[in-house]
Amino acid sequence: MRLLPKVSIVIPCYNHGRYLKEALSNLNNESGLYEIIIVNDGSDEAKTLQVLDDLKAKHFNIVFQENKGLSEARNTGIFHSKGDYILFLDADNSIEVDFINKAAEIFDADSEIAVVYSDAEYVGNKIGRWNVGEFNLQRLMITNYIDACAMVRKTVFDELGGYDSNMIGGWEDWELWLRIAFAGKKFYYLPEVGFKYRTYPGSMSGVLGKSFEIRNRLKTYLHEKYKGKMGQEYITDFVITRFKKSPLKFVTKLVMISWFNKVYQKLLKENKIIKGI
């Protein structure tokens, strides 16, 4: 009989008390399948502190630490986890219980799988489905398209280490996925809505999207850390070279691919145009 939980759900929280109860609404704190670890990353907002006190009174496992940032908060959760698999859930999002069950079954069935991720449903300022897509390393090296809300085999952290605390301001999940992928580990895409992803101006992704300084700093760090593997500058050089050769044709093709795809596909089928840019 298994006494320890199979899955550890790690929820970092920094002044997200207004969302935290919603994040927990689908979860059962008494579940034998998973444990819930809430990491209070130095919150100082009265509402958040009250919510955390209420949850602590209900016997939720809350780990308190001074503010160290998202990477270190997740690392603290990993350190305190007892499960074989770790699910990362941001305090302003919410998880579908079916994803927890299915992802755990996928791990159980294949010991080589390191990460299980899914689609998401947008809530907040944006609605609709986020269709993530199958894993592709080349795509991942260009941009991050897999959210942090995914399940990871705990032995991956034992082997490769936790989140990189140098990734301050965002994209810490992108760095982790790259590290796991470059180590030759296996990703599994579950084409179902596994969680709800909240969008709003004050979110980390919202702030990151408006700051060229943060994005440039993080991108420079990633390219230096994985020098010889990351090569986004070559994509830029390639596009510039193609554009310089024939600006009109280049722009026309982009317009066709973007807004007149049926025409593009017809020409492609007839071998009257080269695939891609």
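None of these values were measured; they are calculated from a predicted model.

Enquirer: Pulling in residues and values, what's your account of unusual backbone geometry?
Expert: Most peptide bonds adopt trans geometry, and most residues besides glycine take a negative phi value. In this model, Trp171 sits at a positive phi of 60 degrees, which is unusual for a non-glycine residue. Tracing the sequence through the fold places Trp171 in the loop between helix H6 (154-160) and helix H7 (172-182). The buried category is assigned to Trp171, whose relative accessible area is 18%.

Enquirer: An account of the packing of aromatic side chains is requested, with residue identities and associated values reported.
Expert: Applying the stated criterion across every chain yields a total of 14 aromatic pairs. Ring geometry for Phe88 and Phe157: centres 5.8 Å apart, planes at 80 degrees, overall edge-to-face. On the criterion of sequence distance, the pair formed by Phe88 in strand E4 (residues 85-88) and Phe157 in helix H6 is long-range, its members being 69 residues apart. Both residues of the pair, Phe88 and Phe157, count as buried. Here the aromatic cluster, defined as three or more aromatic residues joined through ring pairs, consists of Tyr122, Trp130, Phe195 and Tyr197. Over the aromatic face of Tyr163 sits the side chain of Arg74, whose NZ or CZ is 5.1 Å from the ring centroid.

Enquirer: Hey, could you go over the packing of helix H10 (residues 232-245) against helix H11 (residues 247-259) for me, with residue numbers and the actual values?
Expert: Here H10 crosses H11 at 115 degrees, and the two axes come no closer than 5 Å. Here Val239, Arg242, Phe243, Lys244 and Lys245 of H10 lie close against H11, whose contacting residues are Pro247, Phe250 and Val251.

Parameters at a glance
- Residues numbered from 1 in each chain as written.
- Predicted model: local features only at pLDDT ≥ 70, side-chain atom pairs only at ≥ 80, totals over all residues.
- Heavy atoms only, no water.
- Helix = DSSP H or I, 4+ residues; strand = E, 2+ residues; numbered from the N terminus.
- Buried < 20%, exposed > 50% of the residue type's maximum accessible area, 1.4 Å probe, protein only.
- Phe/Tyr/Trp six-rings, centres within 6.5 Å; stacked < 30°, edge-to-face > 60°.
- Lys NZ or Arg CZ within 6 Å of the ring centre and 35° of its normal.
- Axes fitted to C-alpha atoms, helices over the stretch in contact; angles between N-to-C directions.
- Contact = heavy atoms within 4.5 Å.

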